[in-house]
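Now for the letters of each chain:
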Amino acid sequence: MHDDRTLVESRLKRVLEERILPAVYPESVPLEVGIWTAPGEPVPVAEGLAAPRTPIAVGDAWGAPWGTSWLTVSGTVPQAWAGRTVEALIDLGFDANMPGFQCEGLVYRPDGSPVKGLNPRNQWVRIAAPAAGGEQVLLHVEAAANPVILDYHPFLPTELGDKETSGDRPQYKLARMDLAVFDDTVWQLSLDLEVLGELMAELPVDGARRWEVLRAVERALDAIDLQDVNGTAAAARSELTAVLAAPAVPSAHRISAIGHAHIDSAWLWPLRETVRKVARTTANMTALLEDEPEFRYTMSQAQQYAWIKEHRPEVYARVRKAVAEGRFVPAGGMWVESDTNMPSSEAMARQFVHGKRFFLEEFGVENHEAWLPDTFGFTGGLPQIIRNAGSKWLLTQKISWSQVNRFPHHTFLWEGIDGTRIFTHFPPVDTYNCSMKGSEIAHAARNFKDKGVARHSIAPTGWGDGGGGTTREMVGKAARMRDLEGSATVRWENPAEFFAKAEAEYPDPPVWVGELYLELHRATLTSQAKTKQGNRRSENLLREAELWCSTAALRTGAEQPYAYPYEQLDRIWKTVLLHQFHDILPGSSIAWVHREAEATYAALARELAELIDAAQQALAGSAGGGRELVFNSAPHARSAVPAGGAAVAATDAPAATVTPLDGGGFTLRNGLLEVVVDADGLIGSAVELATGRETVAPGSRANLLQLHPDFPNMWDAWDVDQFYRNTVTDLTGVDSLTATAADGRAEVRIARSFGSSTVVQTLTLRPGEQRLDIDTEVDWHETEKFLKAAFPLDVHTERYAAETQFGHLYRPTHTNTSWDAAKFEACNHRFVHLDEPGWGVALVTASTYGHDVTRSVRADDGGTTTTVRFSLLRAPRFPDPKTDQGLHRFRHALVPGAAIGDAVREGYRIGLPERRVTGTAERVAPLVEVDHDALVVSAVKLADDRSGDLVVRVYEAGGGRARGRLSTSFPLAGAVPCDLLERPWDGTRGEVTVEDGAVHLALRPFELVTLRLSPAR
């Protein structure tokens, strides 16, 4: 037979696009349209419905950026359409390729009840099925004129990302506004042909199945009268029945389709728009669930459910009903799909606490998976957190984006830093926005790396990022692939059903140990410095507020009781957790998002400071008592002040001194360290006096600011590409260099200028501290530049430690493999630590996350130099063209002679400064004390159930085994190990016993334990 395959396939494409799809709506009449544009931010529904309309026609412009217009569409169903299905077609000016990234609408009935959302792939509204003829149609559309930020030429700088700079030029033109007859037979035929055409393209040319499909498609095309598609569609469908009924082979890959709309809680739109995106999408999905009995839909992010509950209660009622039926599935158990690299230990835990508790309280649902399809890499501390939250599975897709190395598994056990293992799945479909294309399904089957031992995978199905969700077309295509020869089989299932099957078929999967590092989007550890600082400051203030409010609530007497602020802390935590979303905290959102975040963090800081002040004053006694108490919120004692307590501080350490050097520069000494600052304001030497050990590598200088060009190939705010290192400018010019000594401190102040920017650094040596503090103030006005602070250290090591949640992980300093080389920018929390046997160095940071570590061997003496560089600032132009412009302040510290425990201690200290309060009390005893420095208290709070119990979280921070005694300053009635949600839990692997009124702990490396302590009453 002659090969006419290409001819038939080309014929299919044209007939489908130009004849069949237009025939889905064979008859139409125009609707009348009126418009009212809200003068500012979105208005309540009642106001939008009642506002006066002016006429507008198809082709007319509407919609200034970020504006909201209310449209009214009206018409009458023709009598001739009686007995037929009628739909309204409302096209706001959509681009079919941009669902979720441009204008959208939510349709309401005249009584204000929502009907469904409108987007480029979902423009229809069902009016009647069947119609009686003569029905009056009146619908209102809340139309959002969200501008296109990520356009066909992506990453171009734009001022559209903030309503303050976006202007008022209309963005869109109304397109189709019709009532139309919907021909279900033609629509079904279009799906038949799409599925078979897409399947055909994936089948081997030399296989019989491809040719059987081709001939059936050819017969169907022959059966269609192109001048009467509607009259001949049924005949065409009958030619396809046999090939669509042929069952899949027994070994076919099995796909669990999970209805999904990954909705970024903020990204190329502000938070307020996400509220409406969620309402539009959930309105559509609950309607689709009613129409399609096999369909299942999953939505994560408790915050998004809370938004619907508050702002669209009618939609929320539909969601609750569908959840109760088991078809709308809350997933993930987190408040938002957060970044996991940068949130603190407690914040990461609270993501699960607040997320899972919301689902339990609202729906009675406890899910067991973490659902993070789009997060930019996964910290090694996460498995333990997932397990302690009562979950056991993880889904993500983002690791498939890695640029260099292909991850070797799709289903595996992920082992965290403490040894906890979590059953994990990466969907081989390689997208969290699957649309049921044949190419996607075939790719999932071919790509699946665990063939032969497993055969199940997930396909999150629906338009996402900006929302939209699953469409009726996707459901129709999935139905055809349920059991189709040549295709993977497709079933609608929820995440728990998939994971149960996957675990059962794969009882001994491979193990991946340590972090799941994403070889992409590394610059998200640095972009938008003020957002990151606001997050770190909020985390620290929440620790302080919970600690001192708990102490005050348990300590103050009946005469002046202190009320623990449960509701206030709950609200603040949820606000902080929201801003840890994976496009807010990473700095990859539009300017509007980060402008609002900065204001939100400032307001939270003021509110938390008031809580802390009030609690500490209640503990210190009446103000003006003449005694100054120092409150220590850190988990280690300092200056004779116990951890978690307050006392009169005293130090007899000698004052630090500063001495000028011949030729310029200064020497700082405090009896523990001797630091030389040269004439260029750089650290030429830092000697630990007890050992005589030099910290700075020979021939090098530390605290060297370095400037790189920074123009990645893609994803400006997200990425830094390795070639940025090819060009570097050392900032050694000095505008001024001065020194002072006061209050026991010795300081050197260095001022520099470069480009359009200035920087002032203050190096401080304090009495009794084996630490050099480095305060940096940068007035930053560069574009597409990357600022780093370099510390070349005289340390020979092949690995270094970086703090992560509830511990630290090790990364190589070398680039032996492509996996090592790809980690050229990585995350730390409060410290990085490097050591040789017997001696080490810590570098601690108050608010930066990104860093790099490199090693080299010196030619002159053969010694090894290991250089740590903290990433300070960037200046990408997309999606915020003014990223990081302005004034910034950073604090770091160099700690020579530090063991890992010193790194942990100094890391906490730098972010938890002492607070001084005047009162009548002599001291405030800590609520709890631990007698082993490696056992670190990460949280002290009252139990959320308001029982009066005290919840204490403790982890082993050194990476070894630790035994210790946790004592309380109140009579202890009992202590129970709990999960993160403060429920009794038997999952603790270490030893927890109560004896002699104290809790005795024996924890494994990095083990986390949550204790519920009941005071004797």
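All values reported here derive from a predicted model rather than from experimental measurement.

**Some points on the overall build of the chain**
Phase 1: Helix and strand counts for the chain come out as 19 helices and 54 strands.
Phase 2: In terms of overall dimensions, the chain is globule-like: its C-alpha atoms have a radius of gyration of 31 Å, near the 31 Å expected for 1017 residues.
Phase 3: Oriented by its inertia axes, the alpha-carbon framework of the chain measures out at about 100 × 75 × 60 Å.
Phase 4: Within the chain, the fraction of its 1017 residues that count as buried is 62%.

**Observations regarding the packing of helix α1 (residues 5-23) against helix α4 (residues 208-223)**
Phase 1: Their axes nearest at 10 Å, the elements α1 and α4 cross at an angle of 50°. Of the possible angle classes, the one that applies to α1 and α4 is oblique. Regarding α1 and α4, the two cross each other, and that crossing is left-handed. Residues Arg-5, Val-8, Glu-9, Arg-11, Leu-12 and Val-15 of α1 pack against Arg-210, Trp-211, Leu-214, Arg-215, Val-217, Glu-218, Leu-221 and Asp-222 of α4.
Phase 2: Class assignment for the residues of the contact of α1 with α4 results in seven nonpolar, no polar and seven charged.

**Here's the deal with the packing of aromatic side chains**
Phase 1: Considering all chains together, one arrives at 40 aromatic pairs under this definition.
Phase 2: By the ring-pair criterion, three or more aromatic residues cluster together here, those being Phe-295, Tyr-297, Tyr-305, Tyr-316, Phe-328, Trp-335, Phe-358, Phe-359, Phe-363 and Trp-492.
Phase 3: In this structure, Arg-472 packs its charged tip against the face of Phe-182, placed 4.5 Å from the ring centre.
Phase 4: The aromatic ring of Trp-187 is capped on one face by Arg-472, whose charged end is 5.5 Å from the ring centroid.

**Considering the nonpolar core**
Phase 1: Residues Trp-62, Leu-71, Leu-92, Phe-328, Met-436 and Leu-1013 are the most contacted members of the largest nonpolar core, which totals 239 residues.
Phase 2: Here this core takes 10 residues from helix α17 (residues 591-620), the largest share from any one element.
Phase 3: Apart from residues lying up to four places away in sequence, Leu-1013 is in contact with Val-928, Asp-949, Leu-950, Val-952, Leu-966, Thr-968, Phe-970, Leu-972, Gly-974, Ala-975 and Val-999.
Phase 4: Among the nonpolar cores identified, the runner-up in size contains 47 residues, and Ala-529, Ala-686, Val-696 and Trp-780 belong to it.

**Focus on the pattern of salt bridges**
Phase 1: Evaluation of the coordinates by the stated rule reveals 84 salt bridges.
Phase 2: Notably, a salt bridge pairs Arg-209 with Glu-485, separated by 3.8 Å at the nearest N-O pair. Of the two residues, Arg-209 sits in helix α4 while Glu-485 sits in the loop between α13 (472-480) and β21 (489-492), which places them 276 residues apart along the sequence.
Phase 3: A residue is classified by how much of its surface remains accessible, and Glu-485, at 25% relative accessible area, is partly exposed.
Phase 4: We note a salt bridge from Arg-983 to Asp-979, for which the minimum N-O separation is 2.8 Å.
Phase 5: Each member of the salt-bridge network shares a partner with another, and the members are Glu-41, Glu-104, Glu-142, Lys-163, Arg-272, Glu-273, Arg-276, Lys-277, Arg-280 and Arg-312.

**What about the sheet that holds strand β7 (residues 104-108)?**
Phase 1: Across the sheet, which stays open at both edges, the six strands sit in the order β3-β2-β5-β10-β7-β8 with antiparallel pairing between neighbours. Only two strands of the sheet have a single neighbouring strand rather than two, namely β3 (54-55) and β8 (114-118).
Phase 2: Taken together, the four bridges between β7 and β8 define a ladder with antiparallel strand orientation. If you follow Tyr-108 over to β8, its bridge partner there is Pro-114.

**Section: the pairing of strand β38 (residues 807-812)**
Phase 1: One ladder, built from six bridges, connects strand β37 (residues 799-804) with β38; its direction is antiparallel. Along β38, the bridge assignment pairs Glu-803 with His-808.
Phase 2: Taking the residues between adjacent antiparallel strands as the criterion, β37 and β38 are bridged by two residues, where Phe-806 takes a positive phi near 55°.

**Notes on the pairing of strand β48 (residues 935-942)**
Phase 1: Across the eight residues that make up β48, a large majority, eight, are buried.
Phase 2: Here β48 pairs with strand β49 (residues 950-956) via seven bridges, running antiparallel. Bridged to Ala-939 within β49 is Arg-953.

**Notes on α13**
Phase 1: Buried residues dominate α13, accounting for seven of its nine residues.
Phase 2: Of the residues making up α13, those classed as buried are Arg-472, Met-474, Val-475, Gly-476, Lys-477, Ala-478 and Arg-480.

**Structural notes on the sheet that holds strand β44 (residues 886-896)**
Phase 1: The sheet built from nine strands is open, its strands ordered β32-β33-β34-β35-β44-β41-β40-β37-β38 with antiparallel pairing. Where the open sheet ends on each side, the last strands, each with one partner, are β32 (736-742) and β38. The mean inter-strand angle of the sheet, taken between neighbouring strand axes irrespective of direction, is 20°.
Phase 2: The sheet contact formed by β32 and strand β33 (residues 745-754) spans seven bridges and is antiparallel. In the strand pairing of β33, Thr-738 is matched with Arg-749.
Phase 3: Against the sheet, helix α19 (residues 900-911) makes contact with β37, β38, β40 (831-836), β41 (839-845) and β44, and its axis sits at roughly 20° relative to β41, the strand it touches most.

**With respect to the environment of Ala-893**
Phase 1: Tracing the backbone through its elements, the reader meets Ala-893 in strand β44.
Phase 2: Using a relative accessible area of 0% as the deciding quantity, one classes Ala-893 as buried.
Phase 3: Residues Ala-893 and Ile-774, spaced 119 residues apart in sequence, show a C-alpha to C-alpha distance of 5.5 Å.
Phase 4: In this view, Ala-893 contacts Arg-771, Leu-772, Asp-773, Ile-774, Ala-842, Leu-843, Val-844 and Ile-910; residues no more than four positions away in its chain are not counted.

**A few points about the packing of helix α9 (residues 313-324) against helix α10 (residues 345-363)**
Phase 1: Between α9 and α10, the shortest axis-to-axis distance is 11 Å and the interhelical angle comes to 85°. It follows that α9 is roughly perpendicular to α10 by the angle criterion. Contacts from Tyr-316, Arg-320 and Val-323 in α9 reach Phe-358, Glu-362 and Phe-363 in α10.
Phase 2: Here the residues of the contact of α9 with α10 are counted per class, giving four nonpolar, no polar and two charged.

**Quick word on the side chain of Asp-979**
Phase 1: Within the fold, Asp-979 resides in the loop between β51 (972-978) and β52 (991-995).
Phase 2: Within the structure, the side chain of Asp-979 is placed 2.8 Å from the side chain of Arg-983, a separation counted as a polar contact.
Phase 3: Setting aside residues up to four positions removed in sequence, Asp-979 forms contacts with Asn-388, Trp-985 and Thr-1010.

**A look at helix α7 (residues 271-291)**
Phase 1: Here α7 spans 31 Å end to end across 21 residues, near enough to the 30 Å set by a 1.5 Å rise per residue.
Phase 2: With 18 of 21 residues buried, α7 lies mostly within the body of the structure.

**Details of unusual backbone geometry**
Phase 1: Following Ala-129, the chain continues into Pro-130 via a peptide bond in cis, with omega recorded as 0°.
Phase 2: Mapped onto the elements, Pro-130 comes out in the loop between β9 (124-128) and β10 (136-144).
Phase 3: Cis geometry is adopted by the peptide bond preceding Pro-879, which originates at Phe-878 and carries an omega value of 5°.
Phase 4: The residue Pro-879 is located in the loop between β43 (864-874) and β44 in this model.
Phase 5: Its identity is not glycine, yet Glu-784 carries a phi of approximately 50°, on the positive side.
Phase 6: Along the chain, Glu-784 falls in the loop between β35 (772-780) and β36 (785-793).
Phase 7: Non-glycine residue Phe-1006 carries a positive phi angle of around 65°.
Phase 8: Secondary-structure assignment places Phe-1006 in the loop between β53 (998-1003) and β54 (1008-1015).

**Here's the deal with the environment of Ala-132**
Phase 1: Along the chain, Ala-132 turns up in the loop between β9 and β10.
Phase 2: Looking at Ala-132, the relative accessible area reads 54%, which means it is exposed.
Phase 3: Placed 680 residues apart in sequence, Ala-132 and Pro-812 show a C-alpha to C-alpha distance of 73 Å.
Phase 4: With residues near it in sequence (within four places) discarded, Ala-132 still touches Gln-79 and Ala-82.

**Remarks on the side chain of Ser-871**
Phase 1: Note that Ser-871 resides in strand β43.
Phase 2: At a separation of 2.8 Å, a polar atom in the side chain of Ser-871 contacts the side chain of Lys-788.
Phase 3: When neighbours within four sequence positions are excluded, Ser-871 is seen to be in contact with Thr-526, Phe-786, Leu-787, Lys-788, Glu-825, Thr-848, Gly-850 and His-851.

Criteria and thresholds
- Residues numbered from 1 in each chain as written.
- Predicted model: local features only at pLDDT ≥ 70, side-chain atom pairs only at ≥ 80, totals over all residues.
- Heavy atoms only, no water.
- Helix = DSSP H or I, 4+ residues; strand = E, 2+ residues; numbered from the N terminus.
- Rg over C-alpha atoms; globule rule 2.2 N^0.38 Å.
- Buried < 20%, exposed > 50% of the residue type's maximum accessible area, 1.4 Å probe, protein only.
- Axes fitted to C-alpha atoms, helices over the stretch in contact; angles between N-to-C directions.
- Parallel < 35°, antiparallel > 145°, perpendicular 65-115°, else oblique.
- Left-handed = near helix turned anticlockwise from the far one by under 90°.
- Contact = heavy atoms within 4.5 Å.
- Nonpolar A, V, L, I, M, F, W, Y, C, P; charged D, E, K, R; others polar.
- Phe/Tyr/Trp six-rings, centres within 6.5 Å; stacked < 30°, edge-to-face > 60°.
- Lys NZ or Arg CZ within 6 Å of the ring centre and 35° of its normal.
- Core = buried A, V, L, I, M, F, W, Y, C linked by side-chain atoms within 4.5 Å.
- Salt bridge = Lys/Arg side-chain N within 4 Å of Asp/Glu carboxyl O.
- Pairing = 2+ DSSP bridges.
- Polar contact = N/O pair within 3.5 Å; in protein donor to acceptor, adjacent residues only side chain to side chain.
- Expected span 1.5 Å × (residues − 1).

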